[in-house]
Structure formats: C-alpha cells, structure tokens
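Residue-level structural notes
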Amino acid sequence: MSLSSTTCPLCGAPRVDGPECPACGVIYQRAEVRAATRQAQARDREAREAAERDAEDQRQALREALEAHAAPTFVPPLAAALPERDSATEGITFHAAEEPGSEDVLEARLRLAVLPAALVIAYLAVRSPGFHSMLRIFLTMPVHELGHAVTAWFCGFSATPTFWVTHVSRDRSTFMTLLVAGLLVALVWQGWKRRRWTWLVAGAGLLVAQAVCRFGLTHAQARALTFFGGDAGLMVLGALLMATFYVPWEHYLRRNQLRWGFVAIGAAAFMDGFEQWWASRTDVDRIPFGRIEGVGLSDPSTLVDVYGWNVSRVIHWNVTVGVVCLMALGALYLRGLWTARDALRG
C-alpha cells in the first residue's frame, strides 16, 4: 500500500476506529482491496509498455542492420531457441523444399512409371525358373492361400490359411456368415458417417457378393468356388495390393512407405497367377494338374475331377479374372495420371 495505514485509502482523511471513514463513508477494507488492485494493474501496464518499447527498439535495430547490410547486435527470442547449425551439413540444400510443387512432380513421375515397371519386373521374374520358385515360396503362396480363405469366408465357411494349405470347414458356419456381414455393415456405416463414399460403395458391393455366395450357391458350388478362389484370389488380392500405391498423401501406407512393399508383393502375386493361366490357353501342360504331397489334389485337379469342371472352363474363368483385374488397374493408372496432369505439365 502506497498510502499510510493512518489515513483513508480513498480520500486521505485521518483514519478513525471503526469500519467506515467519517469523511467519505467508504469501508476501509474494501477501499484497501480496490487500491491494491489498481496498483497491481498499473504495474502490469507499465511492464507491458516497457516490453513493447523493447520490442520496438529491437525491430528498429533490425531494420537499421538490414539497411546497412550488417549483422544485428541482438538475438531475437525465436532465433535463440533454434539448435546450432551443424557445419558438416551447412552446405547441403534440399531442392524439394525450395521448389514449389516438387513433391507433386515426383509423385506424378512415380505414378507414370512404378506400376508398369513392377508388372514388367514381375513378369521377367516368373518367367525365370529360379526367381519364380523363390517368389512362389516367399511371396505369392501366402497370398494364394489367403485367396482360398477369403473366398471360403464369403461363402459362409470357416477357414484358416497357413503357408501351404488352407483348412476349410466341411459345413457352413452361421457365426462366420454373421461375422463377415457385421464387418461389411460396419464398413458401410463408417463410409456414410465419415462421408467416405468409396468405403460405402465397396462395403455395399461386398455385402451383395456375400449374399450371392452364401445364399445363392449350393454347398457343392460354394466348395468349388473356394478351390477356384486360390489362383483367382491370388490375382484379385495382388491387384488390390498394387492399388495401394495410389492412396492419398496423408494415408498411413504412404506416410510410412509401406505402399512400396505392397506394390512389389502385389505385382509378383498377380503375375504369378495371370502368366500361368494366360499361357495355358495354348499350352494345357502349364496347368498344375496332379497331387501335392501332404495336401492332396491340386486346385485344378479338384475342380476337374471332383466338381466336374472341364479344363476349358477352368482356363476361361481364371483368364477372365486376370483380364478384369488388369482393366481395373489400367483405369486406376489413368486416373492417377489424370489427377497429376498439372504437375506433369509443369
């Protein structure tokens, strides 16, 4: 308090015993609180004005230093918080950050080259006996077995894929039917809720496919489709893996560079199935008929010998699946180029 405790905080009259000042009628305690508050506000205001004057002096010094092409004599607060520059990397420049739109240009070039290059490299690999065996062991066989499992799930069977064989239940499972339907309904709902129309359309289409496979096919037809889903699923899942290369910039697969691994696995899987069945149109010996040790009949042998499909039908439907996947990838490739056309023109 700047005022003496023997005087009134408001009018300065001599203070008497009692809560009120006889001269102005103010209550001493309240007047003291108000006076203390005013003094605190005054101190804050003076501090802000002093800080503003200092900041203006620094800005003026900076302007004068820039005009004189001299270094300023003070360090700005934000500059003082930055880490010291490493002399070893001081001369390195990052052109991607200097050139506006360089990321878009790079992405446009990748979309132009990566998918065709991956398919060509995969084709050369599957045509080489040594590389083909390695691809089938380490990359394509798990995708093949997953194709069996996914087809079985959509048909209502319980299925467990392993590295070389997929165990499928003998009878259809109500639990599996409800589980798959529930997941697809959740996908549709999330697509509607988040306005992701691709999710909504994909979920609705898969729901229709599940209904056809589960309720439109007999038990024998569903079992046959499960065996057909090995190589067919190999091509479909391979195409889907390649399609992940076109995910948006903010997507997890792109931010963490996972799309590069997926496009390599997808190209190998797709080409492993498509090259075989395309060549089988003129060379039936390319079809892997026979018995696999520890597994039983191969998928084509099961379809022909057990479920009565003829060889032409097996070839036709596998080739059809492969061609449809190629057409879908071509459409996605063209769409990717179309969205990047401005960057390519630049």
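All of these numbers come straight from a predicted model, not from anything done at the bench. (Residues numbered from 1 in each chain as written. Predicted model: local features only at pLDDT ≥ 70, side-chain atom pairs only at ≥ 80, totals over all residues. Heavy atoms only, no water.)

1. A word on empty space enclosed by the protein
- Tallying each qualifying case throughout the model produces one cavity of 30 Å³ or more.
- In this model, the largest cavity occupies a volume close to 50 Å³.
- Forming the boundary of the largest cavity are Phe227, Phe228, Gly230, Asp231, Trp277, Asp299, Pro300, Leu303, Val314 and Asn318.
- When contributions to the lining of the largest cavity are tallied by element, the ones reaching two or more residues are helix 8 (219-243), helix 11 (299-306) and helix 12 (311-339).
- Sorting elements by how many residues they give to the lining of the largest cavity places helix 8 first, with four residues.
- Classifying every residue of the lining of the largest cavity by side-chain character gives six nonpolar, two polar and two charged. (1 Å grid on protein atoms, 1.4 Å probe; cavity = no way out; pocket = protein on both sides within 12 Å on 5 of 7 lines; lining within 4 Å. Points joined across faces, edges and corners; volume = space filled by probe spheres on them. Helix = DSSP H or I, 4+ residues; strand = E, 2+ residues; numbered from the N terminus. Nonpolar A, V, L, I, M, F, W, Y, C, P; charged D, E, K, R; others polar.)

2. Notes on the pattern of salt bridges
- Counting across every chain of the model gives four salt bridges.
- A salt bridge links Glu56 to Arg59, with the nearest nitrogen and oxygen atoms 2.9 Å apart. Placement of both Glu56 and Arg59 in helix 1 (residues 28-67) is noted, with a separation of three residues, approximately one turn of the helix.
- Note on Glu56: relative accessible area 35%, which makes it partly exposed.
- For Arg136, the salt bridge goes to Asp272, with nearest N and O atoms at 2.8 Å. Residue Arg136 is located in helix 5 (residues 129-155), and its partner Asp272 is located in helix 10 (residues 258-279); the two are separated by 136 residues in the primary sequence.
- Asp272 sits in the buried class, given a relative accessible area of 3%.
- Salt bridges sharing common partners tie together Arg127, Glu275 and Arg286. (Salt bridge = Lys/Arg side-chain N within 4 Å of Asp/Glu carboxyl O. Buried < 20%, exposed > 50% of the residue type's maximum accessible area, 1.4 Å probe, protein only.)

3. Quick word on helix 11
- Here helix 11 has its buried residues at Asp299, Pro300, Ser301, Thr302 and Leu303.
- Contacts from the buried residues of helix 11 go to helix 5, helix 8, helix 10, strand 4 (296-297) and helix 12.
- Following helix 11 by one or two positions, Gly308 has its phi on the positive side, about 80 degrees. (Contact = heavy atoms within 4.5 Å.)

4. Observations concerning helix 6 (residues 174-193)
- When the terminal C-alpha atoms of helix 6 are compared, their 28 Å separation across 20 residues agrees well with the 28 Å that a helix rising 1.5 Å per residue should span.
- Those residues of helix 6 lying buried are Met176, Thr177, Val180, Leu184 and Gly191. Down the axis of helix 6, the sector holding all buried residues measures 110 degrees, keeping them to one side. Of the residues in helix 6, the exposed ones pointing more than 90 degrees away from the buried face are Thr174, Phe175, Leu178, Trp189 and Lys193.
- Where helix 6 is buried, its residues contact helix 5, strand 1 (157-161) and helix 7 (197-215).
- Between the side-chain oxygen of the N-cap and the backbone nitrogen of Phe175 there are 3.4 Å, and the N-cap of helix 6 in question is Ser173.
- After helix 6 finishes, the residue Arg195 shows a positive phi value of roughly 60 degrees. (Expected span 1.5 Å × (residues − 1). Arc of directions from axis to C-beta. Polar contact = N/O pair within 3.5 Å; in protein donor to acceptor, adjacent residues only side chain to side chain.)

5. Observations regarding unusual backbone geometry
- The residue Arg195 is not glycine, and still its phi comes out positive at about 60 degrees.
- Within the secondary structure, Arg195 is located in the loop between helix 6 and helix 7.
- Given a relative accessible area of 47%, Arg195 falls into the partly exposed group.
- Positive phi outside glycine occurs at Gln257, with the angle close to 60 degrees.
- Counting through the fold element by element, Gln257 comes out in the loop between helix 9 (252-255) and helix 10.

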